[in-house]
Structure formats: structure tokens, C-alpha cells
Amino acid sequence: MLNRTEEPPPNPSENYIAGHNPPAPVLTLHSNELFPRHYLVVENYRLYPFTIDAKPLFDRYVKHIPAPLSDYTFANNIIWLSQKSGFYQIIENCFCLFSLNGNCLTMLLPPLGMPAHQAAALDACFRIMDGYNPTPYLSIAEYVYRDFANVLEASHGRWLIERSLPDYIYRTPDLIQLKGNAYKTKRSEINQFRRVHPDHRLERLGPQHWAGIRELIDTWLRNRLKYLSGEAIADFFYTVEQERQAIERALTHYDTLGLRGLCLFIDNRLEGFTFGESITPDVANVLVEKTNFAIPGSAQFLFREFAKEFSDCTFINVGDDLGLENLRRVKMSYRPALFGEKFSLRRAGTHECRERQDVESDRHNTPP
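Residues numbered from 1 in each chain as written. Predicted model: local features only at pLDDT ≥ 70, side-chain atom pairs only at ≥ 80, totals over all residues. Heavy atoms only, no water.

Participant: Quick question: what am I supposed to make of the overall build of the protein here?
Facilitator: When its secondary structure is counted, the protein shows 10 helices and 18 strands. Burial status across the protein gives 50% buried among its 368 residues. When the accessible surface of the protein is split by element, carbon and sulfur atoms take 50% of a total near 18,500 Å². (Helix = DSSP H or I, 4+ residues; strand = E, 2+ residues; numbered from the N terminus. Buried < 20%, exposed > 50% of the residue type's maximum accessible area, 1.4 Å probe, protein only. Areas by Shrake-Rupley, 256 points an atom, 1.4 Å probe, with all protein chains shown as cover.)

Participant: How do you make sense of the environment of Ser-85 when you look at a structure like this?
Facilitator: Its location among the elements puts Ser-85 in the loop between helix H2 (74-80) and strand E6 (86-91). A relative accessible area of 15% means that Ser-85 is categorised as buried. Distance from Ser-85 to Ser-99, taken between C-alpha atoms, is 5.4 Å for residues 14 residues apart in sequence. Ignoring sequence-local partners within four residues, the contact set of Ser-85 consists of Phe-98, Ser-99 and Leu-100. (Contact = heavy atoms within 4.5 Å.)

Participant: Please explain the packing of aromatic side chains as it appears in this structure.
Facilitator: A ring pair, where both rings are aromatic, is described by two values, the distance of the centres and the angle of the planes. This model, assessed by the stated rule, comprises 19 aromatic pairs. With centroids separated by 5.4 Å and ring planes inclined at 80°, the aromatic side chains of Phe-58 and Phe-95 adopt a geometry described as edge-to-face. Pair noted here: Phe-58 is in helix H1 (residues 55-62) and Phe-95 is in strand E7 (residues 94-101), with a separation of 37 residues, a long-range link. On the basis of relative accessibility, which here comes to 0%, the residue Phe-58 falls in the buried class. Considering the side-chain rings of Phe-273 and Phe-275, the 6.4 Å spacing of their centres and the 20° angle between planes classify their relative orientation as stacked. Each member of the pair, Phe-273 together with Phe-275, is buried. Put simply, the rings of Tyr-39, Tyr-48, Phe-50, Phe-58, Phe-74, Tyr-88 and Phe-95 pair up and form one aromatic cluster. Its end group placed over the ring of Phe-265, Arg-201 keeps NZ or CZ at 4.4 Å from the ring centre. Taking NZ or CZ as reference, Lys-290 lies 4.4 Å from the ring centre of Trp-220, over its face. (Phe/Tyr/Trp six-rings, centres within 6.5 Å; stacked < 30°, edge-to-face > 60°. Lys NZ or Arg CZ within 6 Å of the ring centre and 35° of its normal.)

Participant: Would you mind going over the pattern of salt bridges with me for this structure?
Facilitator: Here the idea is simple: oppositely charged side chains can pair when their charged atoms come close. Counted according to the given criterion, the structure contains 20 salt bridges. Between Asp-320 and Lys-342 there is a salt bridge, with the nearest N and O atoms lying 3.6 Å from each other. With Asp-320 in the loop between strand E16 (315-317) and helix H9 (325-333) and Lys-342 in strand E18 (residues 342-347), the pair connects residues that are 22 residues apart, well separated along the chain. Summarising the burial analysis for this pair, Asp-320 and Lys-342 share the class buried. Overlapping salt bridges bring together Asp-71, Asp-167, Asp-320 and Lys-342 as one network. (Salt bridge = Lys/Arg side-chain N within 4 Å of Asp/Glu carboxyl O.)

Participant: Before we go on, may I ask you to explain unusual backbone geometry in this structure?
Facilitator: Note: most residues except glycine have negative phi, and most peptide bonds are trans. A positive phi angle, close to 60°, is found at Asn-93, a residue other than glycine. As for its placement among the helices and strands, Asn-93 is situated in the loop between E6 and E7. Within the chain, Asn-268 stands out as a residue other than glycine whose phi angle is a positive 60°. Mapped onto the elements, Asn-268 comes out in the loop between strand E13 (260-266) and strand E14 (269-280).

Participant: Please explain the nonpolar core as it appears in this structure.
Facilitator: The tendency in soluble globular proteins is for nonpolar side chains to be buried side by side. Formed by 70 residues in total, the largest nonpolar core has its most connected members in Phe-50, Phe-95, Phe-98 and Phe-273. In terms of residue count, helix H3 (residues 115-132) provides more of this core than any other element does, 7 residues in total. (Core = buried A, V, L, I, M, F, W, Y, C linked by side-chain atoms within 4.5 Å.)

Participant: Even after reading the chapter, I still don't get the confidence of the model for the protein, so can you show me in this structure?
Facilitator: Residues shown with low pLDDT carry predicted positions that ought not to be read at fine detail. Confidence in the prediction of the protein, expressed as mean pLDDT, is 85, and 82% of residues score 70 or more. Counting contacts from residues 1-33, a segment whose pLDDT is below 50, to residues more than four positions away or on other chains yields 84 contacts. (pLDDT = per-residue confidence, 0-100.)

Participant: Honestly, the side chain of Asn-292 in this entry has me stumped. Any pointers?
Facilitator: The residue Asn-292 is located in the loop between strand E15 (283-291) and helix H8 (298-308) in this model. The exposure class assigned to Asn-292 is buried, which follows from its relative accessible area of 9%. Sequence-distant contacts of Asn-292, defined by excluding residues within four places in its chain, comprise Leu-216, Thr-219, Asn-223, Glu-271 and Ser-298.

Participant: Honestly, H1 in this entry has me stumped. Any pointers?
Facilitator: Think of an α-helix as turning once every 3.6 residues; residues three or four places apart then point the same way. Of all the positions in H1, only Lys-55, Leu-57, Phe-58, Tyr-61 and Val-62 are classed as buried. For H1, the angular spread of the buried residues around the axis is 160°, confining them to a single face. Residues of H1 that are buried sit in contact with H2, E6 and E7. (Arc of directions from axis to C-beta.)

Participant: Where do I start with the pairing of E6 in this structure?
Facilitator: A regular strand carries its side chains on alternate faces of the sheet. Most of E6 sits inside the fold, with 6 of its 6 residues counted as buried. Here 2 bridges tie strand E5 (residues 45-49) to E6, and the two strands are oriented antiparallel to one another. Looking across to E6, one finds that Pro-49 is bridged to Phe-87. Summarising the sheet, E6 and E7 pair through 6 bridges and their orientation is antiparallel. Within the sheet, the bridge partner assigned to Phe-87 lies in E7 and is Phe-98. Taken together, E6 and the strand that follows it, E7, pair antiparallel across an intervening segment of 2 residues, in which Glu-92 is found at a positive phi of about 50°. (Pairing = 2+ DSSP bridges.)

Dropping the structure here:
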């Protein structure tokens, strides 16, 4: 789990049986009054839009997963997924979360539920993905926690397991106290910020700050664009738009999601904000942090102060580094105590199938 650094069924009380002549064994998809009226049909299977209304169901099943990873909270998934791309169903008494992206249906998490049910649910989910995707190679379960391997022991040879980017997890007291030479630079940056901006103040994030947050995001975007050119601008705009939409969804459902956050003011102007949540009673999760990077030390100050909000937690998780070297350096500079390992799962043999398809495509596309 952790690695040390170095239109629902007519009668909600009945089960929905997928198809009379399914390509795979008959699969029971459970339903209840929480399922919405609209759904996506994939090979006669009903997948329901992943919206804020799915929170009670998600929370009911995720409590069985002993993984303090950033991906295993409802908030983290709902803010990064739009209603158009996220879908779910209860399969084999597990919550199964899918993502639809173009012609590809994948799983964002392994089936959430009791270990005794997960293996059967995983097999069912791969049959659903295979029924939609043009090739089995596209069927994948992502962000799989390390101990899920125990579920796969009986069928270990059937799965291709690939390592994913890990979460960075810190001891909360380390982030609050910043003791020792390892944090000397952080302390210096914070002290300088406090000297230069003695009029700074913190406020608990709330609806009164929404407009200021949107204005800060626009300011942050303008400042970053000064340092970009060419193709990097297009990629940057895509990433920023994804993040902006995620922040908007978080603000829209802030109280329902149980988030807590802080805003940093300098000269009565909002110059930074952050929000997060608890993954488990002992592990907190920072979802978003934004500051005006033209103000040195503001990010370090806000990060430390927000850590104090979770002083009752032993650890704070800040997610992965997205494969970005600069983000990796920043997160490593805070000396993570643990890495939250994650993996992706494909069926064994699908890689060879993909290679054969690529060769066949090349053969047909080669000019005479």
C-alpha cells in the first residue's frame, strides 16, 4: 500500500439482468432508488452518469479500501470528471467507476468493495470495456492500489501490471515545523514573505471568496503566459482549462463534498487559495493550491498554514507529479516520508494483440 522513500430499472427493488443473449455470462447489475433516470447503454449494460448524487454510494463502498491515496475520494474524482465522461454501476456488490473518452472506455479505479467480491467485479468490468472498445488493449483499470494484488493472486498470470506515478505523502509535523537543514530554504522563503507583506491575513475559504478565486486564476494564467511560446501554449491552455473546470466544480459543491480550505490576502486582495479533505481519519489530501507566483514565498507560506488545518492527521498526501519534472522537484523538496504506490491493470496478452494490429495496419498502409 505504501512504500517508504528511498431510466433506471422499472422497479428499483429488483435486479437488472443484462440482456437475454449476452456475449458473456449473464451479469447482474444491481439497482436502487439512488440511480438516475438517464444512463449509457454498453452491450446492454446500464452505466449511470457519475454526478454529485452518486456520493452516498461511492462513500459506502470506498470505505472498504484501505488505501490512503488521493484518487480514492469522491471529491477528487467528481471535480476532475465531467458528467459527460464519468459513469458508474454497482457490479458484484462493488462500486465500479468508468471513464468514457472518445472511443475508449476505461476504469478510473479498481472495483470498490469487499475483497471477496472484487475479482468477480473486475472480470465483469473488463467484459463491459471489451464490449465497447475497438481492441481489448484499450481496456484498462487505472490507479490500482498496491494491496489489490492480493485479489489477483488466484489469477495472477492473467494480468499485466504496470507501475503508475506514485503519490507524495508527508508527515504532517514535518510540513508544519519545517525543522532542520532540509527545510532551511523553505523557512527562509516564508520569513521573507512575512517581512515583505506584514499585512497578510488568512481566511477560511467560503462562497464570499468565489469571485476573488476566479480573478486570481485569470491573473495566474496571464503571468504564466509571459514565459511560454509556440506549441507549449496550446498544451498549457488545455491543462489550465481542465484545472479551471475542476476548481469550478469543487466550488459549486464545496459544502456537499466536505472540503475545507484557506484564502491568503495581501493588501486586502486575494492572492492565494487552497482546499483539501481527509482521505482517512489519519491521512489528509491537498486537492488544489494556487498563489500569485509573482509574490515570492506565498506558496510556501500558504502550504505550511494549510498543513496546520490537518494537525490531527499523521500524514498529508499531495497527489502525484503528473510526470512533470518541475513539479517533481518541488514535491521532493519537501522530503516525502512515503510514496503511495499505484498501478494499472490490463489483461495479459492484450499487448501482443496490439502489436499484431499495429503490424497489420502498417502492412495495409505501406505503399506498393
